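Survey of secondary and tertiary structure
Letter by letter, the chains look like this.
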Amino acid sequence: MVELTLFAAFAAGLASFLSPCVLPLVPAFVAYLAGTSATEVKHDKTRAKAAIFINTVLFVVGFTLIFALLGALINSVLINVSYTVKDVLAKIGGIIIILLGLVLLGVIKPAFLQQEHKLKLKGLKPGYLTSFLFGAAFAVGWTPCVGAILGAILTLALTQPSIAFGLLFAYGLGLGLPFIAVGLFTSRATELINRYQNVMKYVSIAAGIILIMMGILVFTNQLPRIANLAFAGSFIK
């Protein structure tokens, strides 16, 4: 069960990165973090590329660290709660995850998830510390696209406190590794993003359907059973 659930959290992070209101902004954002310009990168300036890569890594470390600490906090607070409480959390969590899936599909549009909520870091110049702080700020806020997916992972962590740390760390990796790839290959990544930008809207649709299915499994307490069936299938092959 653990491996399957952690993979789902990693995939959720990847879906957050590929969301249509995040992906197109990534190249410009990582260049901004490093204090460089698209022109410098385009002309193959080695110093500009190195600055983008290092600052992107620090940005990813910032939000992944916050996610991991949040997961550890959830684990320490809820790990010893009774089975009855966990069952209630599963019921409530399942409903919330289903609703968040409907948000991604555009069926419902709650106002608080349609707005941008994040810490404002004003007056900071581009640099290594700024990139790390931006990453930390990114973890405690959300954009309209990321909010539903991150909310679902947080809810899943509350219903599975024993693996809350792993869930949020896996989500951070799924979101962070593509950021690092863009920081390493900025010019090529920009071309690919511009070419396939229209396809990315289907990522949100797929993620919404998956969240609804996961919510149903969490609500009915069938998530462990599905994982056990997958594990048994590996022996049959």
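Note that the coordinates shown come from a computational prediction; the quantities given were computed from them, not determined experimentally. (Residues numbered from 1 in each chain as written. Predicted model: local features only at pLDDT ≥ 70, side-chain atom pairs only at ≥ 80, totals over all residues. Heavy atoms only, no water.)

For the rest of this paragraph, the subject is the overall build of the protein. Looking only at helices and strands, the protein has 12 helices and 0 strands in total. Listed N to C, the secondary structure of the protein is α-α-α-α-α-α-α-α-α-α-α-α in terms of helices and strands. In the protein, the proportion of contacts linking residues at least 24 apart, taken out of those at least 6 apart, comes to 82%. About 12700 Å² of surface is accessible on the protein, with carbon and sulfur atoms providing 71% of the total. (Helix = DSSP H or I, 4+ residues; strand = E, 2+ residues; numbered from the N terminus. Contact = heavy atoms within 4.5 Å. Areas by Shrake-Rupley, 256 points an atom, 1.4 Å probe, with all protein chains shown as cover.)

Before going further, it helps to examine the environment of Leu-217. Along the polypeptide, Leu-217 turns up in helix 11 (residues 201–219). Spatially, the C-alpha atom of Leu-217 lies 9.9 Å from that of Ile-98, the residues being 119 residues apart in sequence.

Moving on, we come to the confidence of the model for the protein. Per-residue confidence for the protein gives a mean pLDDT of 77, with 78% of residues at or over 70. The least confident element of the protein is helix 12 (residues 223–236), whose mean pLDDT is 48; the most confident is helix 9 (residues 164–184), at 89. A low-confidence stretch, residues 229–237 (pLDDT under 50), is modelled with 0 contacts involving residues beyond four sequence positions or located in other chains. (pLDDT = per-residue confidence, 0-100.)

So, on to helix 7 (residues 128–139). In this model, helix 7 (12 residues) spans 17 Å end to end at C-alpha, consistent with the 16 Å of a helix rising 1.5 Å per residue. Those residues of helix 7 lying buried are Thr-130, Ser-131, Phe-134, Gly-135, Ala-136, Ala-137 and Ala-139. (Expected span 1.5 Å × (residues − 1). Buried < 20%, exposed > 50% of the residue type's maximum accessible area, 1.4 Å probe, protein only.)

Take the nonpolar core next. The biggest cluster of nonpolar side chains holds 50 residues, and the ones touching the most others in it are Phe-63, Phe-67, Tyr-171 and Phe-179. Apart from residues no more than four positions distant in its own chain, Phe-63 is found in contact with Gly-135, Ala-136, Phe-138, Ala-139, Gly-172, Leu-175, Gly-176 and Phe-179. (Core = buried A, V, L, I, M, F, W, Y, C linked by side-chain atoms within 4.5 Å.)

Centre-to-centre distance and the angle between the planes together describe a pair of aromatic rings. Scanning all chains against the criterion turns up 7 aromatic pairs. Each ring, one from Phe-59 and one from Phe-179, has its centre 5.3 Å from the other, and the planes form 65 degrees; the classification is edge-to-face. Of this pair, Phe-59 sits in helix 4 (residues 46–78) while Phe-179 sits in helix 9, and the two are 120 residues apart along the sequence. Residue classification places Phe-59 among the buried positions, given a relative accessible area of 1%. Given the relative accessible area of 3%, Phe-179 is considered buried. Ring centres of Phe-67 and Tyr-171 lie 5.4 Å apart, and the angle between their planes is 80 degrees; this geometry places the pair in the edge-to-face category. You can see Phe-67 sitting in helix 4 and its partner Tyr-171 sitting in helix 9, a full 104 residues away along the chain. Tyr-171 carries the same exposure label as Phe-67, and that label is buried. Put simply, the rings of Phe-17, Phe-59, Phe-63, Phe-67, Tyr-171 and Phe-179 touch in pairs and so form one group of aromatic residues. Sitting above the plane of the Phe-219 ring, Lys-91 keeps its charged end 4.7 Å from the centroid. (Phe/Tyr/Trp six-rings, centres within 6.5 Å; stacked < 30°, edge-to-face > 60°. Lys NZ or Arg CZ within 6 Å of the ring centre and 35° of its normal.)

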